[in-house]
Amino acid sequence: MTFRLAHLSDPHVGPLGRVRLHQLIGKRATGYANWRRGRSRSHDMTVLEALVADLKGQGAEHVACTGDLCNIGLPSEWATARTFLEALGTPDSVSFVPGNHDAYVRGSLEGLLDACGAYTGDDSGSVGRFPYLRRRGPLALVGLSSAIPTKPFVATGRLGAPQLAAAESLLRALATEPGRPFRVVMIHHPPQPGGAAAGRELTDAAAFTAMIGRAGADLILHGHNHVTSTARIQGPDGRGVPVVGVPSASARPDGHGAIATRRASYIVYAVARAGDGYALEARRRGLSAEGTMCDLGPVDVA
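Predicted model only: the values in this text are computed from it and were never measured.

A.B. asks: Looking at this structure, I do not really get the packing of helix H3 (residues 75-88) against helix H4 (residues 108-116). What am I missing?
C.D. replies: Axes are the key here: two packed helices are described by the angle between their axes and the distance separating the axes. Across the interface, H3 lies against H4 with an axial gap of 9 Å and an inter-helix angle of 45°. The orientation of H3 with respect to H4, classified from their angle, is oblique. Handedness of the crossing formed by H3 with H4: right-handed. The segment H3 lies against H4, with Trp 78, Ala 81, Arg 82 and Leu 85 engaging Ser 108, Gly 111, Leu 112, Ala 115 and Cys 116.

A.B. asks: Looking at this structure, I do not really get the nonpolar core. What am I missing?
C.D. replies: Soluble globular proteins: nonpolar side chains tend toward being buried together. Of all hydrophobic cores here, the largest spans 28 residues; its most connected members are Leu 8, Phe 84, Leu 85 and Leu 88. Mapped by element, the contributors of at least two residues to this core are strand S1 (2-8), helix H2 (45-56), strand S2 (62-65), H3, strand S3 (94-96), H4 and strand S10 (265-274). Grouped together as the second largest cluster of nonpolar side chains are 27 residues, Phe 3, Ala 64, Val 97 and Leu 113 included.

A.B. asks: Please explain the side chain of Glu 77 as it appears in this structure.
C.D. replies: Relative to the helices and strands, Glu 77 is located in helix H3. Those residues in contact with Glu 77 that lie beyond four places of it in its chain are Val 13, Leu 16, Cys 70, Asn 71 and Ile 72.

A.B. asks: Looking at this structure, how should I read the pairing of strand S8 (residues 229-234)?
C.D. replies: Put simply, side chains in a regular strand alternate between the two faces of the sheet. In this sheet, strand S9 (residues 240-245) lies alongside S8 in antiparallel orientation, the contact comprising six bridges. Bridge pairing in S9 links Ser 229 to Gly 245. Between S8 and S9, which follow one another and run antiparallel, lie five residues, and Gly 238 among them has a positive phi close to 85°.

A.B. asks: Would you mind going over the environment of Leu 85 with me for this structure?
C.D. replies: Within the secondary structure layout, Leu 85 lies in helix H3. With relative accessibility at 0%, the residue Leu 85 sits in the buried group. Sequence separation between Leu 85 and Cys 116 is 31 residues; the distance between their C-alpha atoms is 8.0 Å. Excluding anything up to four places from it in sequence, Leu 85 contacts Leu 69, Val 94, Phe 96, Cys 116 and Tyr 119.

A.B. asks: What's the story with helix H6 (residues 205-215) in this structure? I'm lost.
C.D. replies: The periodicity of an α-helix, 3.6 residues per turn, causes residues three or four positions apart to be oriented the same way. Those residues of H6 not exposed but buried are Ala 205, Phe 208, Met 211, Ile 212 and Ala 215. Viewed along the axis of H6, the buried residues span an arc of 120°, placing them on a single side of the element. Looking at the buried side of H6, the elements it contacts are helix H5 (161-175), strand S6 (182-186), strand S7 (219-222), S8 and S9. A positive phi of about 80° marks Gly 216, the residue just after H6.

Rules of the game
- Residues numbered from 1 in each chain as written.
- Predicted model: local features only at pLDDT ≥ 70, side-chain atom pairs only at ≥ 80, totals over all residues.
- Heavy atoms only, no water.
- Axes fitted to C-alpha atoms, helices over the stretch in contact; angles between N-to-C directions.
- Helix = DSSP H or I, 4+ residues; strand = E, 2+ residues; numbered from the N terminus.
- Parallel < 35°, antiparallel > 145°, perpendicular 65-115°, else oblique.
- Left-handed = near helix turned anticlockwise from the far one by under 90°.
- Contact = heavy atoms within 4.5 Å.
- Core = buried A, V, L, I, M, F, W, Y, C linked by side-chain atoms within 4.5 Å.
- Buried < 20%, exposed > 50% of the residue type's maximum accessible area, 1.4 Å probe, protein only.
- Pairing = 2+ DSSP bridges.
- Arc of directions from axis to C-beta.

Okay, here's the thing in structure tokens:
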């Protein structure tokens, strides 16, 4: 049997609702200015709607969304974010981890998780806690949060030692189970050193990489850079664990979206048992140069 997992990220759901002056304090003021000057025109909700419709037609059993539902972390964005997740599917069929825009200022992440926590539900019943574990078919989905509030013009992320230690324990335990599950790690920021520019990086990427080197994983999914990308992190058996990033799911087909690797798209993974392990295939779907949704070809995850 083949299990199909779809991955999208960074929808930056809009438009922003009415913004009150008292809400534009600190980083939100600069973020709102950036939104008005151009960011709002970089993300097209018509494109996002078409992408979600295309995704839902691909027969994926589960959807992973790796963050940045919000833009500047306004309370009005939390209900909009939940509506978007509901369009993707039920909490049982969609797993979400937050991004830096979801934790734009102090209190933003907590508000978002109050609205959307069901999409972070651990199989034990807890919600809004990281890491979480969800078992779906042959998959064990481990959700991490790299979302932290930062200063203006900074978009770094951090996992922190407690979360890294808990993730390592989870991944190690999963590796020793009979009929070992296919371990998928979800995180917003690119988790390898050098995966993002200075000021946008995961600050404890080296610690994450070392943890994967000890515990292992089968696939790591992220967003944040708004570009299709692949990398490898060496696991404990010397095998490279694929690390795959996707563009913004709402990127317009002009501007940054004019570059093929930055056009709005998502990836569908096919996971199947193969002997003692798994076979993994991936195909990218999204906007063509003509602006229609189509198959964009395979992604190298072998």
